[in-house]
Every structure is written in structure tokens, then in C-alpha cells.
Amino acid sequence: MQNKQQYLQNLSALFKRLKYLNVEFERITVTRNGSKPHLYGVKLHQKWSTSTYSDNGWLFLLWDFADPDAPQIHVRSWQPDEMVATDGVLSMDDFFMP
């Protein structure tokens, strides 16, 4: 697991090595948690293509807006299309939120 600073440093290093990067987002859905209205689940299909790598799959983010000035992402998951074909796409229902 990476903290925010490590994640951003790794992204920066990656971008410096690439000749090009193409990212497409589609089929975006946003769901608000019924019992915790400050939590939102965002599910989207992502197509990622660079000069050295390409991948298609599903991204799920669990956002917390309890503090609107400092929203947090509690969950960021990536599922390649091949995994989704057998396991389904993750959603808020797959995570326990006390």
C-alpha cells in the first residue's frame, strides 16, 4: 500500500519515462451511501494506454466527503476486464463501513 506522497512520486516518475499516455473513462456511475450520505462510490471503466503498456478494466473509488475541505479516498481498486468477467465489478456493497 502506498501513501498519497508515494503514489504521486511514482506517477511523476512514470510520466517522465513515457512517450505518450492515453486514458479514457466511460460508463461512470456515482452512488451515494444511504445511511452515510457523506460517502460516495464511483465506478468507471478505464482504458489505459502508454508507449510501453496498455490495460482495460474497472476502477472503483470510495470517497468520503465528511470534511468537504479535505475529502478522502478510502478505497481505490482496480480490476482488469478478465477478473470482472468472473468476479463482477466491486461496489460500495463489497466494503464494510462502520
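Residues numbered from 1 in each chain as written. Predicted model: local features only at pLDDT ≥ 70, side-chain atom pairs only at ≥ 80, totals over all residues. Heavy atoms only, no water.

**Considerations on the confidence of the model for the protein**
Per-residue confidence for the protein gives a mean pLDDT of 91; residues scoring 70 or more make up 100%. Within the protein, the element-level pLDDT minimum falls on helix α2 (residues 81-87), averaging 81, and the maximum on strand β3 (residues 54-64), averaging 95. (pLDDT = per-residue confidence, 0-100. Helix = DSSP H or I, 4+ residues; strand = E, 2+ residues; numbered from the N terminus.)

**Examining a nonpolar patch on the surface**
A grouping of F25, I28 and V30 is seen on the molecular surface, where their side chains present a nonpolar patch of about 310 Å² in accessible area. Tracing the backbone shows I28 in strand β1 (residues 21-32). Overall, I28 belongs to the exposed group, its relative accessible area being 52%. (Patch = residues over 30% accessible without salt bridge, like charges linked within 9 Å, V, L, I, M, F, W, Y side chains within 5 Å. Areas by Shrake-Rupley, 256 points an atom, 1.4 Å probe, with all protein chains shown as cover. Salt bridge = Lys/Arg side-chain N within 4 Å of Asp/Glu carboxyl O. Buried < 20%, exposed > 50% of the residue type's maximum accessible area, 1.4 Å probe, protein only.)

**Considerations on the nonpolar core**
Among the nonpolar cores identified, the biggest contains six residues, and these are L39, F60, L62, V75, M92 and M97. Setting aside chain neighbours within four positions, we find F60 in contact with G41, V42, K43, V75, R76, S77, L90, S91, M92 and F95. (Core = buried A, V, L, I, M, F, W, Y, C linked by side-chain atoms within 4.5 Å. Contact = heavy atoms within 4.5 Å.)

**Quick notes on the side chain of D64**
Looking at where D64 falls in the secondary structure, it is placed in strand β3. There is no salt bridge for the buried D64, and the closest opposite charge comes from K36, which lies 10.0 Å off by N-O distance. Of note is the side chain of D64, whose polar atom sits 2.8 Å from the backbone nitrogen of A66. In this structure, D64 is in contact with H38, L39, P71, Q72 and H74, ignoring residues within four places of it in sequence. (Lys, Arg positive; Asp, Glu negative; His and termini not counted. Polar contact = N/O pair within 3.5 Å; in protein donor to acceptor, adjacent residues only side chain to side chain.)

**Here's the deal with the sheet that holds strand β2 (residues 39-50)**
Remark on secondary structure: sheet strands pair via backbone hydrogen bonds, oriented parallel or antiparallel. An order of β1-β2-β3-β4 is seen for the four strands of this open sheet, with the pairing classed as antiparallel. Edge positions in the sheet fall to β1 and β4 (72-80), since each has one partner strand and no second. Averaged over all pairs of adjacent strands, the angle between strand axes in this sheet comes to 20°, irrespective of strand direction. Bridging between β1 and β2 involves ten bridges; their strand directions are antiparallel. The partner of E26 across the bridge, within β2, is H45. (Pairing = 2+ DSSP bridges. Axes fitted to C-alpha atoms, helices over the stretch in contact; angles between N-to-C directions.)

**Observations regarding the packing of aromatic side chains**
Tallied over the entire structure, the rule returns three aromatic pairs. Aromatic pair F60 and F95: ring centres 5.7 Å apart, planes at 5°, arrangement stacked. You can see F60 sitting in strand β3 and its partner F95 sitting in the segment after α2, a full 35 residues away along the chain. A ring pair is formed by W63 and F65, whose centres lie 5.6 Å apart and whose planes are at 15°; its orientation type is stacked. By relative accessible area, F65 is classed as partly exposed at 35%. Site record: aromatic cluster; members linked through ring pairs are Y40, W63 and F65. (Phe/Tyr/Trp six-rings, centres within 6.5 Å; stacked < 30°, edge-to-face > 60°.)

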